[in-house]
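Fold and geometry: a report
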Amino acid sequence: MLPMYLSLCLLKIKRGYDIFIQIQYYIYLHPFLYNKSMQEVENIYEQRCLKILKNIDKTNIHNLPEPQKCQYLQTIAQFVLELTYIDECKLVEEEFPPEDPTTFSRVMFIIDTLSRVDNLAQLLLPNKSILESLGPDILECLHWRKGALFYMYCHTLNAKQEPSGFPDHYQKCLENGVEHLKSLLCTRNKPQWLRMVDGQVCDREYEEDDHTFLLTEGLYSDIHLLALMYCGELCYWLIQHSIRPEHSPVTEVVSSDTSSFPTSQGKPELNVDSRTINWDVYRQTGQACLKVYIKSATGPLSPGGWSTNRAEEIINYLNCH
């Protein structure tokens, strides 16, 4: 059953993205595709998909050693990351048009497609963690792509719409963006600032040398630093949303269940549950991650020219609300 499930997932991914294929994005990702026709480009990706399927169909996956199973998963994950990036680029170029009723469906299609990699990892290697199956680089990339996508979508809503016009799913996207960015930052080791937010006793003290500080706070790349800024701003929007008169104290959150696979033309089916939100946690999370962002951007990572103006504005707001 497992090879068939893998095949069906890949075929769904391929069919779902046929209508999104745009030649300029393939050229951007693969310069060797320049001057090729749309049909030629589609054929190249179809052949890549079929090659993966062929390898799966001719192999008894259950009898493979774990390292080879991990290779299968990582190959599929890289294929999915690349393919979903095409439509993400298109959404960015279009600036996530809020007036287009399909925008949110397209966002959720990408999110759900990326989440299928997690589902496959759990099916293929149920006794291993997703981190062990996919490796830290791929897992971080999956969390980053989902968290950043929620951030960009919510950023556009804040820039182009009045709060009274925000869609019902706005808060759900904010919460899930925070969770994915926190998961990214915790992939290798839970950062000290988040341990403190969660009320955990820090397991060690560290000297204030730059290298140890960055590692202890989970900052391994520019992406990790940017994730801190995105996470802080999402928390800021959540606190703003919580004090609006029309806000209800009980909210719904998007489930990570991807049993439904929405198409680009249909409305996404969100499986949700209701709970009461502890807004102080989001306030503390926003304050803590932005303080680390500012300390890093003005300290060991200052050669990168990172701006801290927005982070300082948000911290001042969170301190007063």
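- An unreviewed UniProt entry lists the protein chain under the name RAB7A-interacting MON1-CCZ1 complex subunit 1-like isoform X2, with Biomphalaria glabrata given as the organism.

1. Let's talk about the environment of Leu225
- Turning to its location among the elements, Leu225 is positioned in helix H11 (residues 222-242).
- Taking C-alpha positions, Leu225 is 8.2 Å from Ala297, a pair spaced 72 residues apart along the chain.
- Once you skip the residues sitting within four places of it in the chain, Leu225 turns out to touch Leu219, Tyr293, Ser296, Leu301 and Trp306.

2. Overview of the nonpolar core
- Core analysis: the biggest nonpolar cluster contains 74 residues, and Leu134, Trp193 and Leu228 have the highest contact counts within it.
- Non-local contacts of Leu134, meaning those with residues more than four positions away in its chain, are made with Leu73, Gln74, Ala77, Val117, Asp118, Leu139 and Leu142.

3. A word on the state of the cysteines
- For the structure on display, the rule yields zero disulfides.
- Cys173 forms no disulfide, and the closest cysteine sulfur to it belongs to Cys154, at a distance of 5.0 Å.
- Exposure remark for Cys173: the relative accessible area of 0% places this residue in the buried category.
- Left unpaired, Cys235 is separated from the closest cysteine sulfur, that of Cys231, by 4.5 Å.
- Judged by relative accessible area, which is 0%, Cys235 ranks as buried.

4. Some thoughts on the packing of helix H8 (residues 170-185) against helix H12 (residues 279-298)
- Close contact between H8 and H12 brings their axes to 13 Å; oriented N to C, the two are set at 50 degrees. Classified by the interaxial angle, the pair formed by H8 and H12 is oblique. Crossing of H8 over H12 shows left-handed handedness. Along its contact with H8, which presents Gln171, Glu175, Val178, Glu179 and Lys182, the element H12 presents Trp279, Tyr282 and Thr285.
- Tallied by class, residues from the contact of H8 with H12 come to three nonpolar, two polar and three charged.

5. Remarks on the packing of H8 against H11
- Packing of H8 against H11 leaves a shortest axis separation of 9 Å and a crossing angle of 150 degrees. With respect to H11, the axis of H8 lies roughly antiparallel. In the packing of H8 onto H11, the handedness of the crossing is left-handed. Taken together, the residues of H11 that come into contact with H8 (itself represented by Tyr170, Gln171, Leu174, Glu175, Gly177, Val178, Leu181, Lys182, Leu184 and Leu185) are Ile223, His224, Ala227, Leu228, Tyr230, Cys231, Leu234, Cys235, Trp237, Leu238 and His241.
- When the residues that make up the contact of H8 with H11 are grouped by side-chain class, the tally is 15 nonpolar, four polar and two charged.

6. What about unusual backbone geometry?
- At Glu95, a position not held by glycine, the phi torsion is positive, near 65 degrees.
- Note that Glu95 resides in the loop between helix H4 (66-94) and helix H5 (103-124).
- Despite not being glycine, Phe96 shows a phi value in the positive range, around 45 degrees.
- Given the relative accessible area of 4%, Phe96 is considered buried.

Reading the values: rules and limits
- Residues numbered from 1 in each chain as written.
- Predicted model: local features only at pLDDT ≥ 70, side-chain atom pairs only at ≥ 80, totals over all residues.
- Heavy atoms only, no water.
- Helix = DSSP H or I, 4+ residues; strand = E, 2+ residues; numbered from the N terminus.
- Contact = heavy atoms within 4.5 Å.
- Core = buried A, V, L, I, M, F, W, Y, C linked by side-chain atoms within 4.5 Å.
- Buried < 20%, exposed > 50% of the residue type's maximum accessible area, 1.4 Å probe, protein only.
- Disulfide = S-S within 2.5 Å.
- Axes fitted to C-alpha atoms, helices over the stretch in contact; angles between N-to-C directions.
- Parallel < 35°, antiparallel > 145°, perpendicular 65-115°, else oblique.
- Left-handed = near helix turned anticlockwise from the far one by under 90°.
- Nonpolar A, V, L, I, M, F, W, Y, C, P; charged D, E, K, R; others polar.

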